[in-house]
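Take a look at the letters that make up each chain.
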Amino acid sequence: MRDTHPFDIAGGLLLTAAAGYVDAVGFLRLDGLYTSFMSGNSTQFAVSLAQPGHAVAWQIGLLFVAFLAGGFCGSLVSLLLPGRWGSAAVLGLEAGLLVAALSASASPFQGPVSPLLAAAMGAQNAALRRSAGFRPGVTFVTGTLFSLSHTLAQAVTRAGPAFGWVPDACTWLALVGGAVVGGLAYLGYGLAALLVPAAGVGLVLALAVGRAVRVGTAA
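Residues numbered from 1 in each chain as written. Predicted model: local features only at pLDDT ≥ 70, side-chain atom pairs only at ≥ 80, totals over all residues. Heavy atoms only, no water.

Within an unreviewed UniProt entry, the label attached to the protein reads DUF1275 domain-containing protein, and the organism entered is Methylobacterium variabile.

In structure tokens form, the structure reads like this:
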């Protein structure tokens, strides 16, 4: 973590919190489906396929397609714009998708909201790359929890840094904390609660643009 830029740490944790927030909103809106946690959706998809005529399978399939499309577009942008502008461009894509979801939520036809949220979460995974073993900004934490258990074991046995588990713990707490806030906000304000993650990603985008400009000026 010591080689990770402070912006990547702070921005990544904020993005992880936004992912938890969006996932909680999607979970409540879709009665138990996720907009970013595709492992859980995969299990539910398989169970749905095992039950002939189960209507939820197509809905999960749509979320898969949207998540894949968002991840593909985010990765494509980061590959076509390598260097200091890559993360900013991907964050711009994610922010645009969240704003589109927020706009759709205000219209009488709210069908596109969930696929747009899934696409935004797919794109987010391409925004920040792994650095020094620490990858902030992800929309899933299964691997993070295992990494937390492993680094805790290393700390106890002194096979690794005493506080090497802190980044993983912070990532997990960010996602859970964001989900708690997202759930409460959705119950209180409905889909209007999407204004919060859209603003959060917009803030990280503004910081990324500022950082890219500073790097270009210093070069």
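Participant: I tried to follow the overall build of the protein on my own but got confused; where do I start?
Facilitator: For the protein, the helix and strand inventory stands at eight helices and zero strands. If you list the helices and strands of the protein from N to C, you get α-α-α-α-α-α-α-α. Its C-alpha atoms give the protein a radius of gyration of 18 Å, within 12% of the compact-globule value 17 Å for 219 residues. Principal-axis analysis of the C-alpha atoms gives the protein an extent of 50 × 45 × 35 Å. In the protein, buried positions account for 44% of the 219 residues. Of the contacts formed within the protein by residues at least 6 apart in sequence, a portion of 69% connects residues at least 24 apart. When the accessible area of the protein is evaluated, it comes to approximately 10900 Å², of which 72% is carbon and sulfur surface. (Helix = DSSP H or I, 4+ residues; strand = E, 2+ residues; numbered from the N terminus. Rg over C-alpha atoms; globule rule 2.2 N^0.38 Å. Buried < 20%, exposed > 50% of the residue type's maximum accessible area, 1.4 Å probe, protein only. Contact = heavy atoms within 4.5 Å. Areas by Shrake-Rupley, 256 points an atom, 1.4 Å probe, with all protein chains shown as cover.)

Participant: It is not clear to me how the packing of aromatic side chains should be interpreted in this structure. Could you clarify?
Facilitator: Note on aromatic pairs: each is described by the distance of the centres and the angle between the planes. Using the criterion set out here, one finds three aromatic pairs in the structure. Seen in terms of ring centroids, Phe-27 and Tyr-34 are 5.2 Å apart; in terms of plane orientation they differ by 40 degrees. Their pairing is tilted. A connected cluster of aromatic rings, assembled from ring pairs, spans Phe-27, Tyr-34 and Phe-37. (Phe/Tyr/Trp six-rings, centres within 6.5 Å; stacked < 30°, edge-to-face > 60°.)

Participant: Explain the environment of Phe-67 to me, please; I cannot follow it from the model alone.
Facilitator: Locating Phe-67 in the fold gives a position in helix H3 (residues 56-80). Its relative accessible area of 17% is what places Phe-67 among the buried residues. On a C-alpha basis, the gap between Phe-67 and Leu-91 in space is 15 Å, while along the polypeptide they are 24 residues apart. Setting aside residues no more than four positions away along its own chain, Phe-67 makes contact with Thr-35, Ser-36, Met-38, Ala-118, Ala-119, Met-121, Gly-122, Asn-125 and Thr-139.

Participant: Looking at this structure, how should I read the UniProt feature "transmembrane region" (unreviewed entry) in the protein?
Facilitator: What UniProt calls "transmembrane region" (unreviewed entry) maps, in this numbering, to residues 56-81, 88-106, 138-157, 169-189 and 195-213. Note that residues 138-157 is 80% helix and 0% strand, and that its end C-alpha atoms are spaced 28 Å apart. (UniProt positions renumbered as here; feature names shortened; annotations may be inferred.)

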